[in-house]
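# Observations on chain architecture
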Amino acid sequence: MKNIFRLAIAAMAFATLVPAQAQFAKPEDAIKYRKASYTVMAAHFGRLGAMANGRAPYDAKTALENAELVSTMAKLPWAAYGEGTDKGDTRAKSEIWTESAKFKEASDKMQVEIGKLNVAAKAGSVDALKAAFGPAAASCKACHDNFRKD
Ligand code: ASC
């Protein structure tokens, strides 16, 4: 019995050490995963944008649900840029890997702005949402401009 526990602890310790790309069996799986996370993120970000820009009626509860989903999705793509994922069905530019510190900085900035968008959504006012939406959208665009082929 003791050995089973030891084994379980060793397995858990190992799992935390496995590099991110090992979560994916094949590079194309990682590419699919990151694209899927951006797709879901964009859907919910777009609903917030519609409210922020007056194309949809503001509803605090809906705004918060969407902002929380965007926050969750915003954590996901970064583990899926591992080795071999620069080629294939992707518009990712090689700069993601050759200028990885810049890419990390841009992805961190985006997550900070999405965090602020979440705080704004929690505040429950359309003005707070409007104020946070622009910088969040700009942080998405900055990455597209520098790291995505059109
Ligand atoms: C969106 C969306 C993006 C960003 C970006 C902002 O709604 O899907 O990728 O905003 O276009 O410029």
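Okay, so let's go over this structure. Here the residue index of a chain counts from 1 through its sequence in written order. For this predicted model, a pLDDT threshold of at least 70 governs which residues receive local features, and a threshold of 80 or more governs which side-chain atom pairs are given and counted, while totals over whole chains, interfaces and linings are taken from all residues. Only heavy atoms go into the side-chain values, all of them from the structure, while hydrogens and water stay out.

### Regarding the pattern of salt bridges
It is possible for side chains of opposite charge to pair when their charged atoms get near one another. A carboxyl oxygen of Asp or Glu within 4 Å of a side-chain nitrogen of Lys or Arg is what we treat as a salt bridge. This model, assessed by the stated rule, comprises nine salt bridges. Between Glu 65 and Lys 61 there is a salt bridge; the shortest N-O distance is 3.1 Å. Taken together, the positions of Glu 65 and Lys 61, both in helix H3 (residues 60-74) and four residues apart, correspond to about one turn of that helix. For Glu 113, the salt bridge identified is with Lys 116, shortest N-O distance 3.7 Å. Taken together, the residues span about one helical turn, with Glu 113 and Lys 116 both in helix H5 (residues 100-123) at a distance of three residues. Look at the salt bridges and you will find they share partners, linking Lys 109, Glu 113 and Lys 116 into a network. For helices the rule is a DSSP run of H or I covering at least 4 residues; for strands it is a run of E covering at least 2, with both sets numbered from the N terminus onward.

### Regarding the site of the ligand
Near the ligand the following residues occur: Ala 42, Phe 45, Ala 137, Cys 140, Lys 141 and His 144. The Shrake-Rupley method, run with a 1.4 Å probe sphere, supplies the accessible areas, and residue values consider only the shown protein chains as cover. In isolation the ligand offers 310 Å² of accessible surface; the protein chains occlude 60% of this area. Secondary structure elements with two or more residues in the shell around the ligand: helix H2 (27-52) and helix H6 (126-147). It is H6 that provides the largest number of residues to the shell around the ligand, a total of four residues. Residues are sorted three ways: Asp, Glu, Lys and Arg are charged, Ala, Val, Leu, Ile, Met, Phe, Trp, Tyr, Cys and Pro are nonpolar, and all the rest, Gly among them, are polar. Each residue belonging to the shell around the ligand can be placed in one class, and the counts come to four nonpolar, one polar and one charged. Nearness of a residue to a molecule or strand requires only that one of the residue's heavy atoms be within 4 Å of it.

### Structural notes on the side chain of Asn 118
The residue Asn 118 is located in helix H5 in this model. To sort residues, take the accessible area from a 1.4 Å probe on protein chains only and compare it with the maximum for the residue type: under 20% means buried, over 50% means exposed, and anything in between is partly exposed. Under the relative-accessibility criterion, Asn 118 is labelled buried at 7%. A contact between two residues is defined here by any heavy atoms of the two lying within 4.5 Å. The residues contacting Asn 118, other than those within four sequence positions of it, are Leu 64, Ala 67, Glu 68 and Ser 71.

### Observations concerning the packing of aromatic side chains
When the centres of two rings from Phe, Tyr and Trp lie within 6.5 Å, Trp using its six-membered ring, the rings pair. Their planes under 30 degrees apart give stacked, over 60 give edge-to-face, and anything left gives tilted. Applying the stated criterion across every chain yields a total of eight aromatic pairs. Ring geometry for Tyr 38 and Trp 78: centres 6.1 Å apart, planes at 75 degrees, overall edge-to-face. Here the residue Tyr 38 occupies a position in helix H2, and Trp 78 occupies one in the loop between H3 and helix H4 (95-98), the gap between them amounting to 40 residues. Given a relative accessible area of 21%, Trp 78 falls into the partly exposed group. Note on Trp 78 and Tyr 81: the rings are 6.3 Å apart at their centroids and 15 degrees apart in plane angle, and the pair reads as stacked. Here a set of aromatic residues connected by ring pairs shows up, and it is made of Tyr 38, Trp 78, Tyr 81, Trp 97, Phe 103 and Phe 147.

### Thoughts on the packing of H2 against H6
Note on method: axes are straight lines fitted to C-alpha atoms, helices fitted across the in-contact stretch only, with angles between N-to-C directions ranging 0 to 180 degrees. Interhelical geometry of H2 versus H6 gives an angle of 130 degrees and a closest axis separation of 9 Å. Comparing the axis directions of H2 and H6 gives the class oblique. Remark: the crossing between H2 and H6 carries left-handed chirality. Of H6, the residues touching H2 (which contributes Phe 45, Leu 48, Gly 49, Met 51 and Ala 52) are Val 126, Leu 129, Lys 130, Phe 133, Ala 136, Ala 137 and Cys 140. Split by residue class, the contact of H2 with H6 holds 10 nonpolar, one polar and one charged. Working definition: roughly parallel below 35 degrees, roughly antiparallel above 145 degrees, roughly perpendicular at 65 to 115 degrees, and oblique for all remaining angles. Each crossing is labelled by how the near helix is turned from the far one, with a counterclockwise turn of less than a right angle marking it left-handed and a clockwise turn marking it right-handed.

### Some words on the nonpolar core
Membership of the largest hydrophobic core comes to 20 residues, with the highest contact counts inside it found for Phe 45, Leu 48, Ile 114, Leu 117 and Leu 129. Of all the secondary-structure elements, those providing two or more residues to this core are H2, H3, H5 and H6. With residues up to four places along the chain from it excluded, the contact list for Leu 117 reads Phe 45, Leu 48, Ala 67, Leu 129, Ala 132, Phe 133 and Ala 136. Throughout, nonpolar core names a set of buried Ala, Val, Leu, Ile, Met, Phe, Trp, Tyr and Cys residues whose side chains join them through atoms within 4.5 Å. Core analysis: the second largest hydrophobic core is formed by seven residues, Tyr 81, Ala 92, Phe 103 and Ala 106 among them.

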